[in-house]
Amino acid sequence: MTVQQQHPALAAADPELAALVGAEERLQAETLRLIPSENYVSAAVLEASGTVLQNKYSEGYPGRRYYEGQQNIDQVETLAIERAKALFGVDHANVQPYSGSPANLAVYLAFAKPGDTVMGMALPMGGHLTHGWGVSATGSWFRGVQYGVRQDDGLIDFDQVRDLALKERPKVIFCGGTALPRTIDFAAFGEIARESGAVLVADVAHIAGLIAGGAHPSPVGHVDVISTTTHKTLRGPRGAMLMSREEHAKALDKAIFPGLQGGPHNQTTAAIAVALREASQPSFRDYAHAVVANAKALAEALLARGFDLVSGGTDNHLILIDLTSRQVPGKIAAKALDRAGIVVNYNTVPYDPRKPFDPSGIRIGTPSLTSRGLTPDHMPEVAEWIDRAVTAAGTGDEDTLAAVRAEVAALMAAYPAPGGAGARCVPGLTHRRAGIGSHT
Ligand SMILES: Cc1ncc(COP(=O)(O)O)c(C=O)c1O
């Protein structure tokens, strides 16, 4: 199907932009996308996010708006809220955060004052910028203190977390992160937060889909607030949610609006509602468990090829590879893999002697390839491609990179991308059209 057939109004109004959309669809179809924070949304989520809900202003909350004409929007937002509450088993959900970073900023606004001490995992250890890291507003407007993982096993050092929390008495503690390959012990964090008097926030952006699908323990009952993006393993649109017990509902709602944001993006709220409905289906449980099974199989295959994995493997969707022993820096490897049709990101590894913009590792994950229907049987081949490409990166062997790219494209052609052009029935995903074909 051509881009003109797929997006006729766009192609007519702005052929230049339409061509770029077509090119991106092709790129997403032909490559093996291993960035663990990315995914493919279903056709239904994609359609919901491109509706006339885009045209409506709705400052406030259902039943309490500053604009009239909310007959339908109130119902859309209420659907999303009720589905989030049911799926995650929480008292309260706010579905308005524009994305994960503003959601986290709203948490600080709700529970801390500028200059207060806040605590989170250090960015180079696997935390997120918004967990109090210095270059982020959260680390300059607040006093960020940071914990990490142990150097010998790459696991969170709970003695360090407890000592730091009792010494620094932070107002807010964040657990969760962006490069954590292991299960998060929410109960252990909960005990420390209660002992130190902090509000505990689980930032489950990466693992929300795994939690929803029962493939990772839930933080409910252990933490005060749950923050999540909706566009990673949860397989929704780019957005975020804050969830909590009833006692924190007012503070969080006030922090999002009017504290931090204006009108909610109603088209995104609608797409979140659709994604939450999809995530409540039995087939999404299959998807979540398949993501983890693929990651474990890929980790095993990489270990068998001599790769060093931070913490020795994975419990979830994510694998952090330390390339030090391969003598190929992460950035050079990531760029070579990209030329080979395998899309990853370069990443620091804990205690990385190299700089964040030129670190020692790469971060990979299995949410996207699982959405396309790949299984553990494919993972030895994926590991072989990574191995060949990393070796070729070190020797400048562009022929090998081109050969891998062709092999990747051949496999991916048999597993069409969901949403834009998929034909294959993948657990928990609705598909729209068959065959990517040529876009002109
Ligand atoms: C754990 C975590 N929190 C927050 C965010 C921020 O989300 P966004 O990029 O939507 O602002 C991310 C994104 O990578 C993340 O991984």
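Residues numbered from 1 in each chain as written. Predicted model: local features only at pLDDT ≥ 70, side-chain atom pairs only at ≥ 80, totals over all residues. Heavy atoms only, no water.

1. Brief notes about the overall build of the chain
The secondary structure content of the chain amounts to 17 helices and 15 strands. The globule rule puts the C-alpha radius of gyration for 440 residues at 22 Å, and the 22 Å found for the chain is close to it. Taken along the three principal axes of its C-alpha coordinates, the chain extends 60 × 55 × 40 Å. Within the chain, buried positions represent 57% of all 440 residues. Pairs at least 24 residues apart make up 70% of the contacts formed inside the chain by residues separated by at least 6 positions. (Helix = DSSP H or I, 4+ residues; strand = E, 2+ residues; numbered from the N terminus. Rg over C-alpha atoms; globule rule 2.2 N^0.38 Å. Buried < 20%, exposed > 50% of the residue type's maximum accessible area, 1.4 Å probe, protein only. Contact = heavy atoms within 4.5 Å.)

2. Thoughts on the pairing of strand β9 (residues 225–229)
Where a strand is regular, its side chains alternate between the two sheet faces. Counting buried residues along β9, five of its five residues qualify, which places the element largely inside the surrounding structure. Across the two faces of β9 the burial is the same, with Val 225, Ser 227 and Thr 229 and Ile 226 and Thr 228 all buried.

3. A word on the UniProt feature "domain: Serine hydroxymethyltransferase-like" (unreviewed entry) in the chain
Here the UniProt feature "domain: Serine hydroxymethyltransferase-like" (unreviewed entry) sits at residues 11–386. When the span residues 11–386 is considered, its composition is 42% helix and 15% strand, and the gap between its end C-alpha atoms is 37 Å. (UniProt positions renumbered as here; feature names shortened; annotations may be inferred.)

4. Quick notes on a nonpolar patch on the surface
Nonpolar side chains collect at one region of the surface, where Tyr 57, Tyr 66 and Tyr 67 lie side by side and expose about 380 Å² of accessible area between them. Tracing the backbone shows Tyr 57 in the loop between α4 (43–48) and β2 (60–61). For Tyr 57, a relative accessible area of 48% puts it in the partly exposed group. (Patch = residues over 30% accessible without salt bridge, like charges linked within 9 Å, V, L, I, M, F, W, Y side chains within 5 Å. Areas by Shrake-Rupley, 256 points an atom, 1.4 Å probe, with all protein chains shown as cover. Salt bridge = Lys/Arg side-chain N within 4 Å of Asp/Glu carboxyl O.)

5. A look at the side chain of Thr 370
Tracing the chain through its elements places Thr 370 in helix α15 (residues 367–371). Relative accessible area serves as the criterion here: at 5%, Thr 370 is assigned to the buried category. For Thr 370, the side chain forms a polar contact with the side chain of Asn 294, separated by 2.9 Å. (Polar contact = N/O pair within 3.5 Å; in protein donor to acceptor, adjacent residues only side chain to side chain.)

6. Concerning empty space enclosed by the protein
This model, assessed by the stated rule, comprises one cavity of 30 Å³ or more. In this structure, the largest cavity occupies an estimated 70 Å³ of space. Lining the largest cavity are Gly 176, Gly 177, Thr 178, Leu 180, Arg 182, Ile 184, Asp 203, His 206, Ile 207, Asn 316, His 317 and Leu 318. Among the residues making up the lining of the largest cavity, the classes are represented as four nonpolar, six polar and two charged. Two domains share the lining of the largest cavity, each providing at least three of its residues, namely domain 1 (52–279) and domain 2 (282–439). (1 Å grid on protein atoms, 1.4 Å probe; cavity = no way out; pocket = protein on both sides within 12 Å on 5 of 7 lines; lining within 4 Å. Points joined across faces, edges and corners; volume = space filled by probe spheres on them. Nonpolar A, V, L, I, M, F, W, Y, C, P; charged D, E, K, R; others polar. Domains from an automatic or database assignment.)

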